[in-house]
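Chains, contacts and geometry: an overview
Listed below, chain by chain, are the residues.
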Amino acid sequence: MDTWPFTGRDDELQVAVDAVVRRGCLVIAGAPGVGKSRLARELLARVGESGSGHGFVAATASSRDIPLAALASWTGTDAAVEPDVTAVQRATQTLRAGGPRWVLGVDDAHLLDEVSATVLQHLATERAILMVLTVRSGQSAPDAITALWKDGPAERLDLPPLAEAPTKALLRAVLDGPVDAATEHRFFEITRGNVLWLRHLVDGERRVGRLACTDGVWRWAGMAGLPPALSELVAEQIGVLTGAQARVLELLAFGEPLGLDQLNRLADPDAVEQVAQRGLAAVRRDGARWEVRIAHPLYAEAVRARVSSPRARRLRGELSEIVAGRRAGDGLRCAVLGLDSDTRPDPEVLVRAAGRAVGLTDYDLAERLYRAACDAGGGFEAQLGRSSVLSWVVRTREAEEALAAALASVATDTERLRAALFRAMLLFFHREDVDAARGVLDAAQTKVGTPLAVTVLDSMRATMAAASGDVEHAAWLAEHVFAGEGVPPWASAWASWGAVYARAWSGRGEPIADLVRRGIGVARATPETLPLQNNIAFAEVLGVCLEGEPARAGARTTWIREQPGSHAAGFSAMLEAYAEFTRGHPRTTVRLIQGVLPHLPGRGGGWTAFLAVLLASAQGMLGEAAAARAALELADRAAHPGIRFFDPHLGLGLAWGAAADGAMADARGHLARASALAHASGQSAVEVLVRHTGVCFGDRNQAPRLAELARELDGPAAPVAAAHARAFAAGDHAALMAVSAELEAAQRLVFAADAAAQAAVIARRNGGLPEAAAAAARAAELAERCGGPRTPALMAASSPLPFRDREREIALLAAKGLTNRAIADRLQLSVRTVESHVYRACTRLGLADRAALAAAVLPGTGAVMPGSGRRRWSAAAGGHES
């Protein structure tokens, strides 16, 4: 793509338009590469379209000393070395001729010659024309330009780099497809929203094949060095350095952040000050000390690339000595520096540092530190820690090898129990051998034989029970562990996993936020269970969404998103995907899940199938039947024999897939089986979701059971679902509209749209065309906010003809190209019955044939009404003639 899309600057563009209209002149300031010129061009196009046109000129360093060089196009001659008054007047008059609505753009106005700057100042002051200028932050500009925003008419807009979300959106737009979560995270972290540098990095990495599309998702293998074009840009920005200044940047590139006093001891203080003055390093107060960091991650990449390996080892050795033990986190930095230096490794220091890296969700670094600790003779703690980290990144074989080494060095019953829990976890989640996992726990119980051992081992049994979908047993086991005396935090962490998921699925018990908060606390107490904090956090998002309050998921998703390691990006995307699905944003759900799945090899410890089911539900909601089928096939291939907690969600995915295919009888059958399964397994909160979806799919028999659940469960989901079911069963248009408003207020937009759509159909059927039009308009507006879902209710509301349920189902299947025989087989009817339905519907509705029936049922196509060959009815108008 030669021209990158203009993304993520809509707010700034509107501010800029308003400023130009209000003040007549705008100065856009910012660092190189943040998008000043692009914003200025978009602004010129926007303002120029509504005015008298526009012109554009770019000042350059080479012409800065040539008077009127920038305005040569308006002088009528080549740039004069010594312009006379006539040339100045000619330029002024030519520009003024554009009129007060003509707009001039000047890029890099800080490079203007003094004469051109003075001409522009006069024009702006008189408001003879409109003007947009860009200047580079921190660079000196002609006094006339500076005066524009200091004392004159101009407004100044300081443009920061793109924020994280729009940077990721831009990356997806440029690559024209889904990008995996870790790749999005790393591109933002290394470019920090500098669009120019992002462009060169993307182009360079694509060119050498490190950024590539595999299985429909873009992934980055990581940077082996700066692409040449980007390297030149960064080197130009860094500029020429003295030897002392280069040493400052080298120390920061390998050891940042450094205390100012530390850096001054290692380098020339004058050079430190000079580097900061040039904007190559940032000095900020952090608590009681001043801290120095390199100004941009790409500066560090460029500096490290120029340093030889022997010099790098020597620098790391110097740094490891000076940072040791000064502040929280220095232990990790010291250990990392020591890995590639000439210092002697201390296994205990490495193990502690690895634990710190786990807490930062930097599992790759943690594994590297644990491996170094093992090589240095770290023993059980190092081997178990390494096994733990490898299991979380689904490197199962290596995790088992590290665990075998840990088992070989077991010296106490406590170590034996810790190893047994991890052995059972690996067997259950990764090797999918449920019986072997239980056997490991039973063998450890026999070996140790104390009451505390039974309680400790029950913590993993609680986890396995929850994963198996045995909600009540999982909750009981977890409570048994929590009530035990002397239970270590690592056992409580595993019990918390079982407890929080049981609470999320059931919708009963202690507030899930409190349970999750305690679970995260005990998980963080030991490095081997620390990664559990994100699994536990996921349960909170599930819980609040199933309770009908997806807005409450925001704090927890933000908490994970702000974790610094790249592995947090995948978990964050998983949490956001479920929350966005609940809010009614299926397209966002699809994008997020497609960015996570590449990180889950094989069955992904059970996560692959669950995410594939959620993906199928979102794609089915969008009416993408083929994509939903593909996702369901992935879920089937990735099915884990021991992880059955999401089986009701599987029924939901199958139902959405069938609905997208037009097979509503099949869809309602899947929902009936899913709700029965949820009820039998104690997943009452999931049962509400499934039954509420059934109401939206046209099931009028859900009200009694939903009323029972509304009396039993926490949160608004069950009460509003019960109200929806009652209103739909009663054919109460007004009640459905009230339910729609309540669902909208709870940010459950697809359900809200469906309730309004059902109200439109009922009102139209009862002859209330104004009410039908209002309800249909509301449904359409909500659906647009959801990204255009194609739910059965919305499709029914968008058709102006009063179809009966079976007629609509047959017409939808006919519209998809199925023959009468295929429709009969799908619906388990005779061919004669299908033909009879088609004939009666065409006769009653005045349609010519089967093709007209199929066309009439599809949203957005309109339909020829009885007795008229040309008049068409508008779906958006709820049946009014258009």
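The structure under discussion appears in the preceding block.
Residues numbered from 1 in each chain as written. Predicted model: local features only at pLDDT ≥ 70, side-chain atom pairs only at ≥ 80, totals over all residues. Heavy atoms only, no water.

1. So, the overall build of the protein chain
Broken down by element type, the protein chain carries 45 helices and 10 strands. For the protein chain, the C-alpha atoms occupy an extent of roughly 95 × 90 × 45 Å along the three principal directions. Expressed as a percentage of its 882 residues, the buried residues of the protein chain come to 56%. Partitioning the contacts of the protein chain with sequence separation of at least 6, the portion at a separation of at least 24 is 67%. (Helix = DSSP H or I, 4+ residues; strand = E, 2+ residues; numbered from the N terminus. Buried < 20%, exposed > 50% of the residue type's maximum accessible area, 1.4 Å probe, protein only. Contact = heavy atoms within 4.5 Å.)

2. Topic: the sheet that holds strand β4 (residues 130–136)
One open sheet accounts for 5 strands, arranged β2-β3-β4-β1-β5; its pairing is parallel. Two strands bound the open sheet, and with one partner strand each, they are β2 (54–58) and β5 (155–158). Between one strand and the next, the sheet's axes are offset by a mean angle of 15 degrees, whatever the strand orientation. Pairing analysis gives 4 bridges linking strand β1 (residues 25–30) to β5, with the strands arranged parallel. Bridging across to β5, I28 finds its partner in L157. Helix α1 (residues 10–23) contacts β1, β4 and β5 of the sheet and is inclined by roughly 170 degrees relative to β5. Set on the sheet, helix α6 (residues 143–150) makes contact with β1, β4 and β5; between it and β4 the angle comes to about 110 degrees. (Pairing = 2+ DSSP bridges. Axes fitted to C-alpha atoms, helices over the stretch in contact; angles between N-to-C directions.)

3. Structural notes on the nonpolar core
Y501, W505, F538, Y578, F610 and F697 are the most contacted members of the largest nonpolar core, which has 160 residues in total. Setting aside residues up to four positions removed in sequence, F610 forms contacts with W505, F538, L542, Y578, F645, F646 and H649. Residues W4, L211, V234 and A253 belong to the second largest nonpolar core, which totals 51 residues. (Core = buried A, V, L, I, M, F, W, Y, C linked by side-chain atoms within 4.5 Å.)

4. Description of empty space enclosed by the protein
Counted by the stated rule, this structure contains 3 cavities of 30 Å³ or more. When its volume is computed, the second largest cavity comes out at roughly 210 Å³. Lining the second largest cavity are 18 residues, with F581, T582, L689, R748 and F751 sitting closest to its centre. When residues of the lining of the second largest cavity are traced back to their parent elements, those giving at least two are α27 (532–546), α29 (567–583), α33 (647–660), α35 (684–696) and α39 (749–765). With 5 residues, the single largest contributor to the lining of the second largest cavity is α35. Looking at the lining of the second largest cavity residue by residue, the classes come out as 13 nonpolar, 4 polar and 1 charged. (1 Å grid on protein atoms, 1.4 Å probe; cavity = no way out; pocket = protein on both sides within 12 Å on 5 of 7 lines; lining within 4 Å. Points joined across faces, edges and corners; volume = space filled by probe spheres on them. Nonpolar A, V, L, I, M, F, W, Y, C, P; charged D, E, K, R; others polar.)

5. A look at the pattern of salt bridges
Under the criterion given, the structure shown has 48 salt bridges. We note a salt bridge from R397 to E401, for which the minimum N-O separation is 2.6 Å. Pair noted here: R397 and E401 are both in helix α20 (residues 396–408), with a separation of 4 residues, about one helical turn. Two residues, R517 and D514, come together in a salt bridge whose shortest N-O distance is 2.9 Å. Taken together, the residues R517 and D514, both in helix α26 (residues 512–523) and 3 residues apart, mark about one turn of the helix. The network of salt bridges with shared partners includes R503, E547, E549, R552 and D714. (Salt bridge = Lys/Arg side-chain N within 4 Å of Asp/Glu carboxyl O.)

6. Section: helix α7 (residues 164–175)
For α7, built from 12 residues, the straight-helix expectation of 16 Å at 1.5 Å per residue is met to within 8% by its first-to-last C-alpha distance of 17 Å. One or two steps after α7, the chain reaches D176, where phi turns positive at roughly 55 degrees. (Expected span 1.5 Å × (residues − 1).)

7. So, the layout of surface pockets
Here the second largest pocket defines a volume of roughly 840 Å³. Lining the second largest pocket are 38 residues, with W392, V393, V394, H599 and L600 positioned closest to its centre. At the level of elements, α8 (181–191), β7 (217–220), α18 (363–375), α19 (380–392), α21 (413–430), α25 (489–506), α27 and α29 are the ones that each hand at least two residues to the lining of the second largest pocket. The residue makeup of the lining of the second largest pocket, split by class, is 22 nonpolar, 11 polar and 5 charged.

8. Here's the deal with helix α31 (residues 607–621)
A rise of 1.5 Å per residue sets the reference length of α31, with its 15 residues, at 21 Å; its end C-alpha atoms lie 21 Å apart and thus fit the reference within 8%. In terms of residue burial, α31 counts as a mostly covered element, since 15 of its 15 residues are buried. Where α31 terminates, the next one or two residues include G623, which has phi positive at roughly 80 degrees.

9. Comments concerning the state of the cysteines
Tallied over the entire structure, the rule returns 0 disulfides. There is no disulfide at C786, and the cysteine sulfur nearest it, in C696, is 11 Å away. Among the residues examined, C786 registers a relative accessible area of 3% and is labelled buried. (Disulfide = S-S within 2.5 Å.)

10. What about the sheet that holds strand β8 (residues 258–259)?
Strand order in the open sheet formed by 3 strands is β8-β10-β9, and the pairing between neighbours is antiparallel. Strands with a single pairing partner mark the edges of an open sheet, and in this sheet they are β8 and β9 (281–286). For β8 and strand β10 (residues 289–294), the ladder comprises 2 bridges, and the chain directions are antiparallel. In the strand pairing of β10, G259 is matched with E291.

11. A short note on the packing of helix α11 (residues 243–255) against helix α15 (residues 309–323)
Running from N to C, α11 and α15 cross one another at 75 degrees; their axes reach a closest spacing of 10 Å. Accordingly, the angle class assigned to the pair α11 and α15 is roughly perpendicular. Residue-level contacts link R247, E250, L251, F254 and G255 of α11 to R311, A312, L315, R316, E318 and L319 of α15. (Parallel < 35°, antiparallel > 145°, perpendicular 65-115°, else oblique.)

12. Examining the packing of α29 against helix α30 (residues 586–596)
Interaxial distance between α29 and α30 falls to 8 Å at its minimum, and their mutual angle equals 155 degrees. Considering their axes alone, α29 and α30 lie roughly antiparallel with respect to each other. For α29 against α30, the interelement crossing comes out left-handed. Contacts from G570, A573, M574, E576, A577, E580 and F581 in α29 reach T588, T589, L592, I593 and V596 in α30. (Left-handed = near helix turned anticlockwise from the far one by under 90°.)

13. Describing the packing of aromatic side chains
The tally for this structure, following the rule as stated, stands at 18 aromatic pairs. Plain terms: the ring middles of W656 and F697 are 4.8 Å apart, the flat faces sit at 90 degrees to each other, and that makes the pair edge-to-face. Placement of W656 in helix α33 and of F697 in the loop between α35 and α36 (703–712) is noted, with a sequence separation of 41 residues between them. For the residue pair W656 and F697, the accessibility class agrees, reading buried in each case. The rings of F428, F429, W497, Y501, W505, F538, Y578, W607, F610, F645 and F646 are connected pair by pair, giving a single aromatic cluster. Its guanidinium or amino end placed over the ring of W149, R156 lies 4.9 Å from that ring's centre, counting from NZ or CZ. For the cation-ring pair, R556 lies above W559, with the distance from its terminal atom to the ring centre recorded as 4.7 Å. (Phe/Tyr/Trp six-rings, centres within 6.5 Å; stacked < 30°, edge-to-face > 60°. Lys NZ or Arg CZ within 6 Å of the ring centre and 35° of its normal.)

14. So, unusual backbone geometry
Geometrically, the link from E256 to P257 is a cis peptide bond, its omega value of -5 degrees lying close to zero. In this structure, D176 takes a positive phi of about 55 degrees despite not being glycine. Along the polypeptide, D176 turns up in the loop between α7 and α8. Judged by relative accessible area, which is 69%, D176 ranks as exposed. Within the chain, T361 stands out as a residue other than glycine whose phi angle is a positive 55 degrees. Mapped onto the fold, T361 is located in the loop between α17 (347–359) and α18. Since its relative accessible area comes to 0%, T361 is described here as buried.

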